[in-house]
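Coordinate inspection notes
Below are the chains, spelled out letter by letter.
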Amino acid sequence: MQGQSNAQAAPLTSHGSTVAESPFIRSYGTNHFDAGISGADRAWSFGGGDLHYDSGAVGQWPLQMANDLIRTEQVPIAVVNGAHGGQPIAFFQRDDADPGDIATNYGRTLQRLDAAGLTDDLSGVLWYQGEADEENAAVHVDGFRALLADWRDDLGGARGEDPPYYVFQVRTTGCGSVAGVALREAQRRLGHTDDVTVLSTTATPGHDGCHFSWPGYRVLGNQVADTLRRDLFGGPSEGVAAPDPVSARFTPGHDTVVVQLASTDELTVDPGVAADFRLVGSTATVTDVAYADGGRLEVTLSRPAPEATGLSYHGRIGDGPFITTSRDVGLLAFGSLPIAAPTSITATSVRVAYGKAATVSVEATPGIGLRPGRGARGWDRARLRRPGGRHGVDRPAREVAEARPAPADGPLRRRRRARRRRRRGHRGGREGALADRGEGPAEGGSGGPPPAGRQGRGARGRPGRGPGRRPGGREGALPGGARRQGDAAAAARPTDRDRPGPVRRGAR
């Protein structure tokens, strides 16, 4: 562990971490700032959280983190904490001419790791610093990247590669204010550019404007343990990652901003959290925030604000309201997230008859979903809707929605089956119809005149229409050019004249 006072995690506001102590949590040496005291302490000690610059001091949340991992993974944990409160990032830099210089914080920590035999056997490095840098985001980022490069030169991982690196996003700008968000935005972006994992503190309880009480550090320690359990031991991942925005886009009315998050884990949005959001480039305000399926936040504005260029989330001092995962991990603070213009979509009505399957493909606009829905008169239709229902499209990409299959049976299907059965049972009458027209019966046909009672009657039992002349019919309708004498292929089609017995008017 490295950083300033929240990494040191000494009992600045409350004690109580002795309940997390264990004989399987150990530390080596001391994080004392005096070179002589630090150099003289070269021994293993039981780890403790309610300590300051003492042998075995690991801090309250690191102690709880180790205790939680021991409970589930049944492994001993060694914690080496080199943090020093109230210091800017320049204080922690390496002396490149003498990396092990005991007069520097970097050198004292490196000597402790060397003496303990842990320099090339680390499972993780956790960094919590930035309050002392206030809003000097560029200075902070440059300093951290230099420090990260030095760590990667000097430290090795227990698994034969670089250990994973974790960066806490600080809760406040300095102590006592969340007005600025530039440094916290810079820390959030480190997770996108520098191969580190950014951890959230925006929803950690027990916050006094700068530090946390033991109950707050205990929650933070459990959340860090969840992250390490996921990364080092293959533990569960749901609700572990800090919600991190990746993009924002206006809806067509410019009165709502849809924020897409990196994770699709479901979030809890406390009432009143809208007050912690700010629009950049507009006097409009945020009136409501809601979670939508697919890892989205729908941010409602007080009025249409097409002039807005960005969206910020500042968080707050103290307890709630928050936006959290199922493990109470808070949404990362962010600043001036660009808001893109709305994307249009053209919807086409699609109808699918019962018994027919169809696939409808659309280019889905972010924040809009496609669902199948039952229409009138036995049709299925595809229509657009707002996200949030069970059939919503969760991702802003080409999506495919399959129309619901029709019922296995129905009146229309039964009538069609009955018609087919009747025709199969009276195929012999077709040859008689051919003979009556002077074409002669087909080989093996029965021939003969048409049935009694049907002379001179055409399709649908109406007089004056001969076979093959039924307009609009589905079975027995012949093409216009197929009514010539001798057209055996056309005449071979079955007609109502071929069927024995009367046909009711209107029968289909």
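Attention here is on the structure that accompanies the text. Computed from a prediction, not measured in an experiment: that's the story for all the values here.

Procedures and definitions
- Residues numbered from 1 in each chain as written.
- Predicted model: local features only at pLDDT ≥ 70, side-chain atom pairs only at ≥ 80, totals over all residues.
- Heavy atoms only, no water.
- Helix = DSSP H or I, 4+ residues; strand = E, 2+ residues; numbered from the N terminus.
- Expected span 1.5 Å × (residues − 1).
- Buried < 20%, exposed > 50% of the residue type's maximum accessible area, 1.4 Å probe, protein only.
- Contact = heavy atoms within 4.5 Å.
- Core = buried A, V, L, I, M, F, W, Y, C linked by side-chain atoms within 4.5 Å.
- Pairing = 2+ DSSP bridges.
- Axes fitted to C-alpha atoms, helices over the stretch in contact; angles between N-to-C directions.
- Left-handed = near helix turned anticlockwise from the far one by under 90°.
- Nonpolar A, V, L, I, M, F, W, Y, C, P; charged D, E, K, R; others polar.
- Phe/Tyr/Trp six-rings, centres within 6.5 Å; stacked < 30°, edge-to-face > 60°.

Concerning helix α3 (residues 60-73)
In this model α3 runs 20 Å from its N-terminal to its C-terminal C-alpha over 14 residues, within 8% of the 20 Å that 1.5 Å per residue would give. Summarising burial for α3: 10 of the 14 residues are buried, a large majority. Taken together, the buried residues of α3 touch α1 (5-8), β2 (25-28), β4 (77-78), β5 (125-128), β6 (165-168) and α7 (214-233). Q74 sits one or two positions beyond α3 and adopts a positive phi of about 55 degrees.

Notes on the nonpolar core
Counting residues in hydrophobic clusters, the biggest one holds 54 residues, and the most contacted among them are W61, M65, F144 and W151. Contributing elements (two or more residues each) for this core: β2, α3, α4 (105-116), β5, α5 (137-154), β6, α6 (182-193) and α7. It is α7 that provides the largest number of residues to this core, a total of seven residues. Counting residues in each nonpolar core, the second largest holds 25 residues, with A274, A284, V299 and L301 among its members.

Observations regarding the sheet that holds β4
Spatially, three strands are ordered β3-β2-β4 in an open sheet, and the strand pairing comes out mixed. Of all the strands in the sheet, the pair left with one neighbour each is β3 (44-46) and β4. Pairing between β2 and β4: two bridges, direction parallel. Within the sheet, the bridge partner assigned to I25 lies in β4 and is I77.

Concerning the packing of α5 against α6
Following both chains from N to C, one finds α5 and α6 inclined at 35 degrees, their axes separated by 9 Å at the closest point. The two elements α5 and α6 cross, and the hand of that crossing is right-handed. In contact with A137, H140, V141, F144 and R145 of α5, α6 contributes A182, L183, A186, Q187, L190 and T193. Grouping the constituent residues of the contact of α5 with α6 by class yields seven nonpolar, three polar and one charged.

Points about the packing of aromatic side chains
On inspection of all chains with the given rule, the structure shows 14 aromatic pairs. Between W127 and W151 the ring centres are 5.7 Å apart and the planes differ by 65 degrees, which places this aromatic pair in the edge-to-face class. Highlighted residues: W127 in strand β5 and W151 in helix α5, separated in sequence by 24 residues. Residue W127 is classed as buried on the basis of its relative accessible area, which comes to 1%. With a centroid separation of 6.3 Å and 65 degrees between ring planes, the pair formed by F277 and F334 is classed as edge-to-face. Placement of the pair is F277 in strand β11 (residues 277-280) and F334 in strand β16 (residues 334-340), with a sequence separation of 57 residues.

Geometric values such as these leave the question of function open.
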